Amino acid sequence: MMSVGGVALGAASYATWLRDASADPISYVPYLFLVGAALVFAYIVFGQAATGVVVVSDFGVSTSDGGPRIPWHDIQAVCLDEHGLSINTSGDDLRVQSASHSTAIRHLLKQAERRLGKRVDVADEDVAALAPWDGAVVTVSPAEPPQVTGMKCRASGRLLSVEQDVRMCGRCGVFYHHQTVPKRCKACRKKLWSS
Ligand SMILES: [Zn+2]
């Protein structure tokens, strides 16, 4: 979007100022300017947002456009401002723009509040200010299990090599070896089993 817009603006500038002045004017130059400026503007407004589909599951949050896949337990803070939602982690952060993803943000916030408690710092009036519906359809589909190879049980440090050994905290997405699941989740304190 940015490059096509840039090329259009460049071509329009060339045709207007750098071409031989004695040549006939080109009629579509104003349109080139308009299209170029619109594309660059659209890129600036929407380009840096998480585009595509926002995926919310028991594992965490990700987007379909190749952004970071963030497990719930890695999230340090969730904040909403007039531009969108920020999900802050110790590594890559995720931004979801409210202009294009208000439905996803509402859905994500419900899940985040249930799983993260006080780490979600969002005022009710900011949620109320979100567009009621942005045309997006919320679909429910089975989540793809994450690659566990090389991961370790949060409680015992045992290597998780096969999927059958893995148990996951359904609230925060931390992994445990099925033989060393603690009574309460080490990350979020959710009760995992009772004796
Ligand atoms: Zn947990």
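So, how was this worked out
- Residues numbered from 1 in each chain as written.
- Predicted model: local features only at pLDDT ≥ 70, side-chain atom pairs only at ≥ 80, totals over all residues.
- Heavy atoms only, no water.
- Pairing = 2+ DSSP bridges.
- Helix = DSSP H or I, 4+ residues; strand = E, 2+ residues; numbered from the N terminus.
- Contact = heavy atoms within 4.5 Å.
- Axes fitted to C-alpha atoms, helices over the stretch in contact; angles between N-to-C directions.
- Buried < 20%, exposed > 50% of the residue type's maximum accessible area, 1.4 Å probe, protein only.

**Some points on the sheet that holds strand S1 (residues 54-56)**
Across a sheet, paired strands are connected by hydrogen bonds in the backbone, their directions being either parallel or antiparallel.
No. 1: Strand order in the open sheet made by the 3 strands is S1-S2-S3, with antiparallel pairing throughout. The open sheet terminates on both sides in strands that have one partner only, identified here as S1 and strand S3 (70-71).
No. 2: Bridge analysis of S1 against strand S2 (residues 60-63) gives 3 bridges, and the strand direction is antiparallel. Looking at the pairing, Val 54 lines up with Thr 63 of S2.
No. 3: The strands that helix H3 (residues 98-116) touches are S1 and S2; relative to S1, the one it contacts most, it runs at about 20°.

**Section: the pairing of strand S5 (residues 84-89)**
No. 1: For S5, the tally of buried residues reaches 5 of 6 residues, placing the bulk of the element in the interior.
No. 2: With 5 bridges connecting them, strand S4 (residues 75-80) and S5 associate as antiparallel partners. Opposite Cys 79, over in S5, you have Ser 86 as the bridge partner.
No. 3: Here S4 folds back onto S5 in antiparallel fashion, the turn holding 3 residues.
No. 4: Bridging between S5 and strand S6 (residues 94-97) involves 4 bridges; their strand directions are antiparallel. Directly across from Ile 87, in S6, lies its bridge partner Leu 94.

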